[in-house]
Amino acid sequence: MSKVVKFGGSSLASAEQFEKVGKIIRADKARKYVVPSAPGKRFSADTKVTDMLYACYALAEEGKDFKAELKAIKERYEEIISGLKLNLSLDAEFEVIAKNFVEKAGDNYAASRGEYLNGIIMAKYLGYEFIDAATVIFFNESGDFDADKTDKILSAKLAGCKNAVVPGFYGSLPDGKVKTFSRGGSDVTGSIVAKAVKADVYENWTDVSGFLIADPRIIENPEAIDTITYRELRELAYMGATVLHEDAIFPVRREGIPINIRNTNAPEDDGTWIVESTCQKSKYVLTGIAGKKGFCSINIEKAMMNSEIGFGRKVLQAFEENGISFEHVPSGIDTMTVFVHQDEFMHKEQKVVAGLHRLADPDYIDIEADLALIAVVGRGMKSTRGTAARIFSALAHKNVNVKMIDQGSSELNIIIGVTNDDFETAIKAIYDIFVLTKL
Ligand code: ASP
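The rules behind the values
- Positions within a chain are numbered from 1, following the residues in the order the chain's sequence is written.
- With pLDDT at 70 or above as the cut-off, local features in this predicted model cover only qualifying residues; side-chain atom pairs require 80 or more to be listed or tallied, and sums for whole chains, interfaces and linings still use all residues.
- Derived side-chain values reflect all non-hydrogen atoms in the structure, with water molecules and hydrogen atoms excluded from consideration.
- Per the convention used, a helix needs a DSSP run of H or I reaching at least four residues, while a strand needs a run of E reaching at least two, with both numbered from the N terminus.
- Any pair of N or O atoms that falls within 3.5 Å is considered a polar contact. Within protein, one atom must be able to donate a hydrogen and the other to accept it, and sequence-neighbouring residues count only if both atoms are side-chain atoms.
- A contact between two residues is defined here by any heavy atoms of the two lying within 4.5 Å.
- Paired strands are those between which DSSP finds at least two bridges.
- For helices, the fitted axis covers only the stretch in contact; all axes are lines through C-alpha atoms, and the angles between them, taken along N-to-C directions, range from 0 to 180 degrees.
- Think of a patch as exposed residues, more than 30% relative accessible area, with no salt bridge, where like charges cluster within 9 Å and nonpolar side chains (Val, Leu, Ile, Met, Phe, Trp, Tyr) cluster within 5 Å.
- Accessible areas in this description were obtained via Shrake-Rupley with a 1.4 Å probe; residue shielding takes into account the shown protein chains only.
- Salt bridge, as applied in this entry: a Lys or Arg side-chain nitrogen positioned within 4 Å of an Asp or Glu carboxyl oxygen.
- For this count, His and the chain ends are skipped, Lys and Arg are scored as positive, and Asp and Glu as negative.
- Lysine's charge is taken at NZ, arginine's at CZ, aspartate's at CG and glutamate's at CD.
- Type-normalised accessible area, obtained with a 1.4 Å probe on protein chains alone, sets the label of each residue: buried when under 20%, exposed when over 50%, and partly exposed for intermediate values.
- Multiplying 1.5 Å by the helix residue count minus one yields the expected span of that helix.
- Cavity means a closed set of points on a 1 Å grid over the protein atoms alone, one where a 1.4 Å probe fits but cannot get out, pocket means an open set with protein on both sides within 12 Å along at least 5 of 7 lines, and lining means a residue has an atom within 4 Å of a point.
- Grid points are joined across faces, edges and corners, and a volume is the space filled by probe spheres set on the points.
- Lys, Arg, Asp and Glu make up the charged group, whereas Ala, Val, Leu, Ile, Met, Phe, Trp, Tyr, Cys and Pro make up the nonpolar group; the residues left over, Gly among them, are polar.
- Residue proximity to a molecule or strand is established when one non-hydrogen atom of the residue lies within 4 Å of it.
- Orientation is classified from the angle alone, with under 35 degrees giving roughly parallel, over 145 giving roughly antiparallel, 65 to 115 giving roughly perpendicular, and any other angle giving oblique.
- By the definition used in this description, the sense in which the near helix is turned from the far one sets the handedness, with an anticlockwise turn below a right angle giving left-handed and a clockwise turn giving right-handed.
- Working note: the arc is built from the helix axis to C-beta atom directions.

Chemist: Can you break down the side chain of N204 residue by residue, with the values?
Modeler: As for its placement among the helices and strands, N204 is situated in strand β7 (residues 201-206). A polar contact of 2.9 Å, which involves the side chain of N204, links it to the side chain of D187. For N204, the side chain forms a polar contact with the side chain of Y202, separated by 3.1 Å. Here N204 is in contact with K6, D187, L244, I259, N260, I261 and R262, once residues within four sequence places are set aside.

So, in structure tokens, the structure goes:
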């Protein structure tokens, strides 16, 4: 049995947090491969080491003095080292970093040092081997992750290690330069390592007890989801629910390795299991709700549109020509509505309207702004009658006007469009009807 365990920044923000992590790792021999993030926030007004590194390097890039900023970063690590009573000095490492900053090694290199240094501390603390991610995680010339090369080299390397620490977030380009994933990318590293060792599970330790049914900023103390499928997760993550980096599911998904989201501060909680497929029913008809504000709808009307072959293509071409991707396209007999992100669309709207007239010759075009989309996601909906009825009666009860409804034939989710102003009320109403009153 082998497990890959990734710990997020808040789980490694201080010596105290490191100790919790050490206990978790030592409690299970299967936890052989560890992927740490950089130290995160110790309290809400604190700054993540990654952000300190970006800011410090920005000074170096401008040729300004960055000594004080680098010293503050070093102090974050020294506080952890002394708190753990480790016999370890990072002086030599910081000398190299300072020199590389002066030589303008790049912001990717700078940011990656957060994980690199935390990995050194973690390896020392656990007595595990330290593997610099730059030697085992690779990107190609275009800067895209090179899965084949990485898998070959990383799995060969780890086959020879009983226990190892591989820092998250970065790897190297063919010329040896360090490159990072996008923010939160240690999740991706964890997934890549899990695939390389064909782990039984990829444990992703964070500061919440799993993936929550709804956004805790809208719903007070929402319950965590027990089990969610990759497809459900994609739908919710796309709509803004974040707990895991978007790209983290791909490496493990292909290998059928489940992800278990756990809470470093409450290790007794089971957390959320993210799986390919399951026969386990979710506790409620819905698995989760998520949503985003800031959409526009462009309603296009044309008599007899339905019988005009190619009409839809022409409409979408007007958006494509302006580099705008569409979100949803519900249609009627003589109408077609295109939902787009307001910020992408706003400064191009007249060009799109002109394009629509030129390409599709509609009778009428109407634009509505400040809309929100809500995704109600659940594999349980497929086998349950009346889900839509319950959602819409709950919304009607709260005086929420529904602007758009879209249910894919997979019956995995129902997308609802409301005004931005109704967004929170709508989410509360849906959570209430499915979770609190357990309908
Ligand atoms: N430290 C990086 C960040 O703050 C990567 C990570 O934590 O996953 O984005």
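So, next bit.
Chemist: Tell me about the sheet that holds strand β2 (residues 31-36), and please be specific about residues and values.
Modeler: The 8 strands lie next to each other as β3-β4-β2-β1-β7-β9-β10-β8, forming an open sheet whose pairing is mixed. The open sheet has two edge strands with one neighbour each: β3 (129-130) and β8 (227-229). Summarising the sheet, strand β1 (residues 3-7) and β7 pair through 5 bridges and their orientation is parallel. The residue bridging V5 from the neighbouring strand is E203, located in β7. Across the sheet, helix α1 (residues 15-26) is in contact with β1, β2 and β7; its angle to β1 comes to roughly 170 degrees.

Chemist: For a negative patch on the surface, give the residues involved together with the corresponding values.
Modeler: A surface patch of like charges, here negative, comprises E301, D334, D361, D363 and D366. Looking at where E301 falls in the secondary structure, it is placed in strand β11 (residues 288-301). Taking relative accessible area as the criterion, E301 reaches 31% and is therefore assigned partly exposed.

Chemist: Explain the pattern of salt bridges to me, and be specific about the residues and the numbers.
Modeler: A side chain of one charge can pair with a side chain of the opposite charge when the charged atoms of the two come close. Considering all chains together, one arrives at 29 salt bridges under this definition. Here D151 ties to K195 by a salt bridge, and the two come within 3.4 Å at their closest N and O atoms. Of this pair, D151 sits in helix α6 (residues 147-159) while K195 is found in helix α7 (residues 186-196), placing the two residues 44 residues apart along the sequence. With a relative accessible area of 22%, D151 lands in the partly exposed category. Here K195 makes a salt bridge to E255, at a shortest N to O gap of 3.9 Å. Of the two residues, K195 is situated in helix α7 and E255 in helix α9 (residues 249-255); the sequence distance between them amounts to 60 residues. Its relative accessible area of 18% is what places K195 among the buried residues. Each of K3, D28, R31, E203 and R262 takes part in one network of salt bridges that share partners.

Chemist: Can you explain helix α4 (residues 91-102)? Please cite residues and give values.
Modeler: Spanning 12 residues, α4 covers 17 Å between terminal C-alpha atoms, matching the ideal 16 Å at 1.5 Å per step. The inward-facing, buried residues of α4 abut α2 (49-61), α3 (67-83) and α5 (107-126). Looking one or two places after α4, you find K104, whose phi comes out positive at around 55 degrees.

Chemist: So what about the layout of surface pockets? Which residues, and what values?
Modeler: A volume near 1200 Å³ is recorded for the largest pocket. Contributing to the lining of the largest pocket are 45 residues, with T206, D207, T242, V243 and L244 lying nearest its centre. Of all elements in the fold, only α7, β7, β11 and α14 (423-436) reach the threshold of two or more residues within the lining of the largest pocket. If one sorts the elements of the lining of the largest pocket by residue count, β11 sits on top with 3 residues. Here the lining of the largest pocket is composed, by residue class, of 19 nonpolar, 16 polar and 10 charged.

Chemist: So what about the site of the ligand? Which residues, and what values?
Modeler: Surveying the vicinity of the ligand reveals the residues S37, K48, T50, E115, F169, R183, G184, G185 and S186. Taking R183, its side chain carries an N or O atom lying 2.7 Å from an oxygen atom of the ligand. Here an oxygen atom of the ligand sits 2.8 Å away from a polar atom, N or O, in the main chain of G184. Burial of the ligand by the protein amounts to 93% of the accessible area it has alone, namely 260 Å². Looking at the shell around the ligand, its residues break down into 1 nonpolar, 5 polar and 3 charged.

Chemist: I'd like a rundown of the packing of α1 against α5, residues and numbers included.
Modeler: Following both chains from N to C, one finds α1 and α5 inclined at 55 degrees, their axes separated by 11 Å at the closest point. Considered as vectors, α1 and α5 are oriented oblique to each other. Taken as a pair, α1 and α5 cross one another with a handedness that is right-handed. Judged by residue contacts, F18, E19, V21, G22, I25 and R26 of α1 engage N118, I121, M122, Y125 and L126 from α5.

Chemist: Which residues make up helix α10 (residues 311-321), and what are the values?
Modeler: Every buried residue of α10 is accounted for by F311, V315, A318 and F319. Buried residues of α10 fall within an arc of 95 degrees about the axis and therefore sit on the same side. In this structure, α10 carries R313 and E320 as exposed residues pointing more than 90 degrees from its buried face. Looking one or two residues beyond α10, the residue adopting positive phi is G323, at roughly 65 degrees.

No statement about biological role is implied by the geometric values presented.
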